[in-house]
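Below, each chain spelled out in residue letters.
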Amino acid sequence: MTTIDRAENTLYKTYSRFPVVFERGEGVRLYDDKGTEYLDFGAGIAVMGLGYHYPGVDEAAKSQIEKLVHTSNLFYNISATEAAEKLLKVSGMDRVFFTNSGTEAIEGALKIAKRHAYNRGLPADYEIIAMEHSFHGRSIGALSVTGNAHYREPFDPLIPNIRFAEFNNLDSVRSLFSEKTAAVIMETIQGEGGIYPATEEFLKGVRELCDNSGALLILDEIQCGMARSGSMFAWQGYGVKPDVMTVAKALGNGFPIGAFLAQGEAANAMTVGDHGSTYGGNPLVCAVASKVLDIYKEKDIPGHVKTVGEYLFVKLEELKASSDKVVAHRGKGLIQGLEFNVPVADIVRNALINEHLVLISAGKNVIRFVPPLVITEGDVDEMVVKLLRVIR
Ligand SMILES: *Cc1c(COP(=O)(O)O)cnc(C)c1O
């Protein structure tokens, strides 16, 4: 039996997978079990910011494996402390809690919002405002604030008193705001929902609504953070700072780690005993995250993303102009989307099978470009040639 057959016989069927078995990666290239090379413009869903086997990353993991992989959070460890210091420095936040995934980072952020509301003495029917077309993860808490009824409905009832506002419509948020509002949660750039960056007016306006009422602003930077937008965190490009933020995906460059960070009152809202994780921030993942943060700084990854992201932007504008199937182009840095007037599933599939180009979609009609951040302009050119062949 093939790997695909064996997987279909065993793994829980919540995915419809493409019929490719990847075995190896190098730089921005993937290789399947037959040795065929692919150009990777998906980065394992915006995770492999530094691509595969970036110098120093494997070595950081290997040397930590030889020392100590896990101890639990009952004790202190050196790599978590170092990773925390570096993450606080680049974000300007006050405190960080390491998790194992993005969803868990969202859970932690929601617990801060709840604890903060409790500390403020808000009545128990306080509300959290989330955005339509948002995506924050699949756990019960994260699903509760995910603005996609299709994902939520089979699992109702979820957390009560979540109000959904229209993204980038400040009046919509304002009309839901009241003295009951405990927090607003949103992605700075919506990812799964179709690559919609927040407008500056919107983000600043929501910040002001929160400031005037004491509600917390939670920004989900799990996909758009870690330099993907061209700033280390997307909100830094807007001059707006959240009370709580979440990071994951690229933080461990493939090693499972996430984090929630907080500043001001939010940084002390939870106290000893309020939250925990057995693995969260273990020495192994933190040694890698710490190294990843060093590399982003030393190699000025945000600067590279700005340059190559602008190049990708120009190329996708040209592609849009040349095809009547492309109706919109959005995004910045290396988080961009092309919206088609047809579902993109076939394009994504044909690109993979016929052109050996890995692309991923965001919703039904949008192709999402979230390649490794280390791609070159040559890689962009190669991707465009392949994609044009598929579209035609
Ligand atoms: C991927 C993602 C999550 C969930 O992260 P997991 O690591 O899959 O749990 C949450 N929010 C955003 C914006 C994401 O892109």
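Presented here is an overview of the structure given in this document. Values in this document were obtained by computation on a predicted structure and should not be read as measured data.

### What to know about the packing of helix H11 (residues 301–322) against helix H13 (residues 377–391)
Where H11 contacts H13, the two axes come as close as 10 Å, and the packing angle between them is 20°. Classed by the angle they form, the pair H11 and H13 counts as roughly parallel. With respect to the hand of their crossing, H11 and H13 are arranged in right-handed fashion. Seen from H11, the contacting residues are Thr-307, Val-308, Tyr-311, Leu-312, Lys-315, Leu-316, Leu-319 and Ser-322; seen from H13, they are Glu-377, Val-380, Asp-381, Met-383, Val-384, Leu-387, Leu-388 and Ile-391. Residues belonging to the contact of H11 with H13 are distributed by class as follows: eleven nonpolar, two polar and three charged.

### Remarks on the side chain of His-136
Residue placement: His-136 occurs in the loop between strand E5 (127–131) and helix H6 (140–144). Take His-136: its relative accessible area is 3%, and that puts it in the buried class. Among the polar contacts made by the side chain of His-136, one reaches the side chain of Asp-220 at a distance of 2.8 Å. Look past the residues within four positions of His-136 in its chain and what remains in contact with it is Thr-103, Ile-106, Ala-142, Val-145, Thr-146, Ile-185, Met-186, Glu-187 and Asp-220.

### Regarding the sheet that holds strand E12 (residues 258–262)
Taken in spatial order, the seven strands make up an open sheet running E4-E12-E11-E10-E7-E5-E6, and their pairing is mixed. Each edge of the open sheet carries a strand with a single partner, namely strand E4 (95–99) and strand E6 (162–165). On average, each strand axis in the sheet is inclined to that of its neighbour by 20°, with strand direction left out of account. Bridge count between E4 and E12: five bridges; the pairing is antiparallel. From the neighbouring strand, Phe-97 faces E12, where its bridge partner is Phe-260.

Analysis parameters
- Think of each chain on its own: its residues are numbered from 1, step by step along the sequence as written.
- Local features in this predicted model are restricted to residues of pLDDT 70 or higher, and side-chain atom pairs are both shown and tallied only at a pLDDT of 80 or more, whereas totals for entire chains, interfaces and linings draw on every residue.
- To get the side-chain values, take all heavy atoms of the structure and skip hydrogens and water.
- Every axis corresponds to a line fitted to the C-alpha atoms, with the helix fit spanning only the stretch in contact, and the corresponding angles, defined between N-to-C directions, vary from 0 to 180 degrees.
- Helix and strand definitions here come from DSSP, where helices need a minimum of 4 consecutive H or I residues and strands a minimum of 2 consecutive E residues; each element is numbered from the N-terminal end.
- Throughout this description, any angle smaller than 35 degrees is read as roughly parallel, any larger than 145 degrees as roughly antiparallel, any in the 65 to 115 degree range as roughly perpendicular, and the remainder as oblique.
- Crossings are sorted by hand: turned counterclockwise from the far helix by less than a right angle, the near helix makes the crossing left-handed, and turned clockwise it makes it right-handed.
- By definition, residues are in contact when any of their heavy atoms lie within 4.5 Å.
- By the convention adopted, Pro, Cys, Tyr, Trp, Phe, Met, Ile, Leu, Val and Ala count as nonpolar, Lys, Arg, Asp and Glu as charged, and the other residues, Gly among them, as polar.
- The cut-offs for exposure are 20% and 50% of the maximum accessible area for each residue type, with area from a 1.4 Å probe on protein chains only; residues under the lower value are buried, those over the upper are exposed, and the others partly exposed.
- Identification of polar contacts relies on pairs of N or O atoms within 3.5 Å, with a donor-acceptor requirement for protein atoms, meaning one able to donate a hydrogen and the other able to accept it, and with residues adjacent in sequence counted only if both atoms are side-chain atoms.
- Two strands form a pair only when DSSP identifies at least two bridges running between them.

So, to be careful, I would describe these as geometric facts and stop short of saying anything about function.
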